[in-house]
Amino acid sequence: MTVEAGSETRRKKVETGRQVRDLPRTGPAGAVARSGEIGYVSGTWQFTVNDPARKPATDRGKFVEVLKKQADGTWKCTTDIWNSDLPLPAEKKQPSL
């Protein structure tokens, strides 16, 4: 785990969060239970941010959100799960003793 401190680090994380918050999503599908109290949406997402070398880095994947209807008629997301379609980075080989 990496521990980061300082206002510049926090500012960068906030900016990245703002860039990622409005992910372009495609093909959302969904359904609502017959009771009308719970539903879900699913689809794909993609976003691009600049890496530390200011080179664009793109990620993409899938998501599912479970929504619950509130007393006032609005919907609240109760569960949000997502994953990347990109492969994990290759593991660095540890030197043998």
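**A short note on the overall build of the protein**
Phase 1: Helix and strand counts for the protein stand at one helix and four strands.
Phase 2: What you see in the protein, going N to C, is helices and strands ordered as α-β-β-β-β.
Phase 3: Looking at the protein residue by residue over its 97 residues, the buried ones come to 12%.
Phase 4: Taking the contacts inside the protein whose residues are at least 6 apart along the sequence as the reference set, 31% of them involve residues at least 24 apart.
Phase 5: When the accessible surface of the protein is totalled, it reaches about 8,600 Å², and 55% of it is carbon and sulfur.

**Topic: the packing of aromatic side chains**
Phase 1: Here the structure, examined in full by the defined rule, presents two aromatic pairs.
Phase 2: On the numbers, 5.7 Å between centres and 25° between planes, the contact of Trp 45 with Phe 47 is stacked.
Phase 3: Aromatic pair Trp 45 and Trp 82: ring centres 5.8 Å apart, planes at 85°, arrangement edge-to-face. With Trp 45 in strand 2 (residues 38-50) and Trp 82 in strand 4 (residues 75-84), this residue pair connects regions lying 37 residues apart in the sequence.

**Here's the deal with the pairing of strand 2**
Phase 1: As defined by bridge partners, strand 2 adjoins strand 3 (residues 56-69) across 13 bridges and the pair is classed as antiparallel. Each residue of the ladder has a partner; that of Val 41, found in strand 3, is Glu 65.
Phase 2: What sits between the antiparallel neighbours strand 2 and strand 3 is a turn of five residues, in which Arg 54 has the positive phi angle 65°.

**What to know about the pattern of salt bridges**
Phase 1: A full pass over the atoms with the stated rule returns one salt bridge.
Phase 2: Asp 85 is the salt-bridge partner of Lys 62, the closest N and O atoms lying 2.4 Å from each other. Of this pair, Lys 62 sits in strand 3 while Asp 85 is found in the segment after strand 4, placing the two residues 23 residues apart along the sequence.
Phase 3: When its relative accessible area of 38% is taken as the criterion, Lys 62 is described as partly exposed.
Phase 4: Note on Asp 85: relative accessible area 41%, which makes it partly exposed.

**Remarks on the confidence of the model for the protein**
Phase 1: When pLDDT is averaged across the protein, the result is 78; 71% of the residues are at 70 or more.
Phase 2: Across the protein, strand 4 holds the top mean pLDDT of 92, while helix 1 (residues 7-21) sits lowest at 51.
Phase 3: This stretch, residues 1-6, has a pLDDT under 50; its non-local contacts, to residues over four places away or in other chains, come to two contacts.
Phase 4: Contacts for the low-pLDDT stretch residues 17-21, under 50 throughout, to residues beyond four places or in other chains number three contacts.

Rules used throughout
Residues numbered from 1 in each chain as written. Predicted model: local features only at pLDDT ≥ 70, side-chain atom pairs only at ≥ 80, totals over all residues. Heavy atoms only, no water. Helix = DSSP H or I, 4+ residues; strand = E, 2+ residues; numbered from the N terminus. Buried < 20%, exposed > 50% of the residue type's maximum accessible area, 1.4 Å probe, protein only. Contact = heavy atoms within 4.5 Å. Areas by Shrake-Rupley, 256 points an atom, 1.4 Å probe, with all protein chains shown as cover. Phe/Tyr/Trp six-rings, centres within 6.5 Å; stacked < 30°, edge-to-face > 60°. Pairing = 2+ DSSP bridges. Salt bridge = Lys/Arg side-chain N within 4 Å of Asp/Glu carboxyl O. pLDDT = per-residue confidence, 0-100.

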